[in-house]
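Fold and contact review
This is what each chain is made of:
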Amino acid sequence: MHHRARTAATGTCALMLPLVLALTACSVDDSTVGSSSDSGKPKPSASVAVALAPPDAALRARVPKQYAGKDVVMGVSEYAPYITFGSGGGITGLVPDLNKQLSSMLGIRITLRKTTFDSTIPGIKSGRIDLSSPVGDFVERQTEVDMTDFAQSNVTVMVAAQASFRPKTGTDLCGRKVGVEKGAGTQNVVAALTQRCEKAGKSAVNDQVFTDLPAAALALQSGRIDAVAAPSAANTAASESSGGRFKTVEIKDMLDLPAATAIYGIVSKKDSGLAPVLADALRKLHDEGTYQKLFDKWDLPLSTVDKAKIQVNGSKQSQTA
């Protein structure tokens, strides 16, 4: 999947909300936001302060020369609560907060630049951007870029709350119009589901590809599609901020499909030497408790990974098998 998550969209998508998915870039995320048992939980708040990690001389000495003391550009697309674009131009979420910690530790200035998810890897390879996150770590991607793993995710399905359609199994989506983000791993999930539908003698999933998840959510709101397939963090964030328009469900028998679950990473140029430095910095944040505090702040407690899983190209998962 694309494999990420988003918050309510603003500006042209302000009517609704945030969204998600794409391990596709990313994959899916295991946020608990939006579940019936969490209805009374406080929502993520940018007002929660997490102290900055101090400079780390040892790590700074290992930052490759092409990045040391310079502006490092991270390409991001809306994927709440990892990345949320504000109407005033500000960008908030787990990733911006994590970048502040890394910048402080490593002595680099990470600048965020809006981009589309499908342009992430081409942008890294061409040098137009230096980093991107969150992106699903799949073995196919590891041949082109380096992935510094730091989170995990699962695919979910978002539907209109007032509609009668309530899928309980993956094959309930057969023949339905399902929105996915262009370039996200979710496209592989839906493709695999179509094969399952055809084996069962049912119609293929009518996948509708959108440039981003807010656009897919708008299509769902207007009734042009029946559902949106995306990571749980993004879909639940969109549902929570939709004023009751959407409902997110997890379909258990879809989780064994290719790319339905994923490890999220920070993407950097292949063999540039930056990925292992990022991994060590993240492991230190994990040891000191800052990592957990940031995920708790953005209500992503189930998206955390054990310290041992914070690795470079650590996933053995394929997007297609």
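Sequence positions are assigned chain by chain, starting from 1 and proceeding in written order. It should be noted that, the model being predicted, local features are given only for residues of pLDDT at least 70 and side-chain atom pairs only at 80 or more, the latter also being counted only at that level, while totals for whole chains, interfaces and linings use all residues. Based on all heavy atoms of the structure, the side-chain values leave hydrogens and waters out of the count.

- The name given to the protein in an unreviewed UniProt entry is Transporter substrate-binding domain-containing protein, and the organism recorded there is Streptomyces scabichelini.

Considering the overall build of the protein
- A helix here means a DSSP run of H or I that spans at least four residues, while a strand means a run of E at least two residues long, and both kinds are numbered starting from the N terminus. Scanning the protein for helices and strands turns up ten helices and 13 strands.
- Three labels apply to residues, based on accessible area from a 1.4 Å probe with only protein chains included: buried if under 20% of the type maximum, exposed if over 50%, partly exposed otherwise in between. Put simply, the protein has 321 residues, and 55% of those count as buried.
- The long-range share in the protein, meaning contacts at least 24 apart out of those at least 6 apart in sequence, stands at 80%. Should any heavy atoms of two residues lie within 4.5 Å, those residues are considered in contact.

A closer look at the pairing of strand β7 (residues 131-136)
- Burial of β7 is extensive: six of the six residues sit out of reach of the surface.
- The criterion for strand pairing is that DSSP finds at least two bridges linking the strands in question. Pairing analysis gives two bridges linking strand β3 (residues 71-76) to β7, with the strands arranged parallel. By the bridge assignment for β7, methionine 74 is matched with leucine 131.
- Here β7 runs beside strand β13 (residues 261-269); their pairing, made up of four bridges, is antiparallel. Across the sheet, the residue bridging to leucine 131 is serine 268, located in β13.

A short note on the side chain of asparagine 99
- Mapped onto the secondary structure, asparagine 99 falls in helix α3 (residues 94-106).
- Beyond its immediate stretch of four places on either side in the chain, asparagine 99 contacts Met74, Ile110 and Leu112.

Here's the deal with the state of the cysteines
- Any two cysteine sulfur atoms lying within 2.5 Å of each other are counted as a disulfide. Tallied over the entire structure, the rule returns one disulfide.
- Here cysteine 174 pairs with cysteine 197 through a disulfide, and the sulfurs are 1.9 Å apart. The chirality of the disulfide connecting cysteine 174 with cysteine 197 is left-handed, given an S-S dihedral of about -90°. With cysteine 174 in the loop between β8 (145-160) and β9 (177-181) and cysteine 197 in helix α6 (residues 186-199), this residue pair connects regions lying 23 residues apart in the sequence. Across the pair, exposure class does not vary: cysteine 174 and cysteine 197 are buried alike.

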